[in-house]
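# Residue-level structure breakdown
Chain by chain, the residues run as shown.
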Amino acid sequence: MNYAVFGTGVVGRTLAAKLATQGHKVTIGTRDVERTLAQTDSEESFAAWSAAQPDIALATFADAAATADTVVNATAGTSSLAALRAAGAENLHGKLLIDVSNPLDFSRGMPPTLDPVGTDSLGEQIQRAFPEARVVKTLNTMNCSVMVEPGLVPGPHNVFLCGNDAEAKERTAELLLSFGWPQDALIDLGDITAARATEQALPLWVQLWGVVGHGNFNFRIQQAD
Ligand code: NAP
């Protein structure tokens with residue numbers, strides 16, 4: 001498969017690296033390729049990471065999406081719509097758009113606030129803005145290390161997905177299985193309006209992170225037979 005992974009942060013890098021090790025063609029999307037590669041000031045810079053990942057290309061959001069069959073949105077939630085608009089609706093048309101972002105606003109410090117919240121979600125905003133894209137919200141309720149290596153958390157635990165397009169959710173489920181998620185770990189929450197629920201789990205996740213002291217934990221749904 002040919003993936004465009006939007007996002008040069010830790011989540012985009014983690015997902016891109018996992019997809020590349022699985023043999024997929026991967027291009028990371030960014031606003032400005034030259035500017036992103038020019039930031040060489042630290043070991044964590046994208047340039048340093050990218051130099052060790054020769055199989056992963058870097059392109060503008062539009063160029064990355066143009067040739068991809070699947071787009072993964074791992075951009076800052078407050079800027080995801082801007083990133084996707086920069087990609088262009090024509091480059092998202094008919095494509096599976098896996099959204100792992102969260103609309104967290106850190107501008108007032110910690111803990112972050114959610115916007116939108118309550119009667120809307122970023123997943124829905126993306127689907128409304130790009131009606132021809134097939135948006136599936138998933139993986140946003142856990143740390144990115146756990147996304148691609150669920151075994152980091154011992155025992156059963158769950159990953160949620162939601163979206164309007166059944167075939168898009170099936171393809172996303174196949175991807176999750178390929179990451180090592182057992183079939184019975186997947187919980188389909190329904191259409192894209194369920195993104196409200198998973199995005200609104202983030203304040204709880206952030207609070208738990210403070211209590212647990214690390215990010216390698218996850219939600220487990222235990223039910224009576
Ligand atoms: P991030 O710092 O939240 O986002 C970095 C990306 O956002 C970059 O690619 C950047 O583009 C893009 N961006 C920032 N401002 C922009 C703007 N004004 N217009 C267009 N694009 C813009 O990265 P992250 O920490 O890896 O998180 C990515 C997403 O995953 C977030 O929504 C986060 O809430 C979600 N998430 C994170 C985790 C986790 O483990 N950290 C877990 C679950 C979900 P440039 O490349 O051009 O700079």
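Now for a quick tour of the structure. Residue numbers here run from 1 along each chain, matching the order of that chain's written sequence. Only residues with pLDDT of 70 or above have their local features reported here, since the model is predicted, and side-chain atom pairs are shown and tallied only from 80 upward, although totals for entire chains, interfaces and linings are computed over all residues. The basis for the side-chain values is all heavy atoms of the structure; hydrogens and waters are excluded.

A count of helical and extended segments in the protein gives 10 helices and 10 strands. Throughout, the radius of gyration refers to the C-alpha atoms, and the reference size of a globule is 2.2 Å times the residue count to the power 0.38. Taken against the 2.2 N^0.38 rule, which gives 17 Å for 225 residues, the C-alpha radius of gyration of the protein at 17 Å falls within 12% of a compact globule. Its C-alpha atoms give the protein principal-axis dimensions of about 55 × 40 × 40 Å. Out of the 225 residues in the protein, the part that is buried amounts to 51%. Only the protein chains shown count as cover for residues, with accessible areas throughout obtained via the Shrake-Rupley method and a probe of 1.4 Å. Accessible area of the protein: about 10700 Å², with a carbon and sulfur share of 53%. Numbered from the N terminus, helices here are DSSP runs of H or I no shorter than four residues, and strands are runs of E no shorter than two. Only protein chains enter the accessibility calculation, which uses a 1.4 Å probe; a residue whose area is less than 20% of its type maximum is buried, one above 50% is exposed, and one in between is partly exposed.

Here strand β1 (residues 2-6) lies mainly inside the structure; 5 of its 5 residues are buried. Where burial is concerned, the two faces of β1 agree: the one with Asn-2, Ala-4 and Phe-6 and the one with Tyr-3 and Val-5 are both buried. Where β1 and strand β2 (residues 25-30) come together, 5 bridges link them in parallel fashion. Along β2, the bridge assignment pairs Val-5 with Ile-28. Where the polypeptide runs from β1 across helix α1 (residues 10-21) and back to β2, its parallel neighbour, the crossover connection is right-handed. Strand pairing requires that DSSP identify at least two bridges connecting the strands. Sheet analysis places β1 next to strand β4 (residues 70-73), joined by 4 bridges and oriented parallel. If you follow Ala-4 over to β4, its bridge partner there is Val-71. Convention used here: a crossover is right-handed provided that the path from the first strand, over the helix, to the second strand proceeds clockwise when the strands point away from the viewer.

Turning our attention to the site of the ligand. Residues are counted as near a molecule or strand when any one of their heavy atoms sits within 4 Å of it. In the vicinity of the ligand there are 23 residues, among which Thr-8, Thr-30, Arg-31, Thr-75 and Cys-144 approach most closely. We define a polar contact as two N or O atoms separated by no more than 3.5 Å, with the added condition that, inside protein, one atom must be a possible hydrogen donor and the other a possible acceptor, whereas residues neighbouring each other in sequence contribute only through side-chain atom pairs. In the environment of the ligand, an oxygen atom lies 3.1 Å from a nitrogen or oxygen atom belonging to the backbone of Val-10. A distance of 3.3 Å separates an oxygen atom of the ligand from a polar atom in the backbone of Gly-77. Computed on the free molecule, the ligand has an accessible area of 900 Å², of which 75% lies beneath the protein chains in the complex. Mapped by element, the contributors of at least two residues to the shell around the ligand are α1, α5 (80-87) and α7 (144-148). Amino acid classes used here: Ala, Val, Leu, Ile, Met, Phe, Trp, Tyr, Cys and Pro are nonpolar; Asp, Glu, Lys and Arg are charged; the rest, including Gly, are polar. In the shell around the ligand, the residues fall into 11 nonpolar, 11 polar and 1 charged.

With that out of the way, let us pick up the pattern of salt bridges. One side-chain nitrogen of Lys or Arg within 4 Å of one carboxyl oxygen of Asp or Glu is enough to make a salt bridge. Enumeration according to the criterion identifies 8 salt bridges in this entry. For Asp-99, the salt bridge identified is with Lys-137, shortest N-O distance 2.7 Å. With a gap of 38 residues between them, Asp-99 in strand β5 (residues 96-99) and Lys-137 in strand β8 (residues 134-138) connect regions that are remote in the sequence. In terms of burial, Asp-99 and Lys-137 fall into one category: buried. The closest approach of N and O atoms between Arg-128 and Asp-120, which form a salt bridge, is 2.7 Å. Residue class for Asp-120 comes out buried when judged on its relative accessible area of 15%. Three or more residues are tied together by salt bridges with common partners; here these are Asp-99, Lys-137 and Glu-199.

Turning our attention to the nonpolar core. If you look at the biggest cluster of nonpolar residues, it comprises 35 residues, and the most contacted ones within it are Leu-15, Val-100, Leu-139, Met-147, Phe-179 and Trp-181. If we skip the residues at most four places from it in the chain, Met-147 touches Val-11, Leu-15, Val-100, Leu-139, Met-142, Phe-179 and Trp-181. Buried Ala, Val, Leu, Ile, Met, Phe, Trp, Tyr and Cys residues that are joined via side-chain atoms within 4.5 Å together make up what is termed a nonpolar core. Here a residue-residue contact requires only that any non-hydrogen atoms of the pair lie within 4.5 Å.

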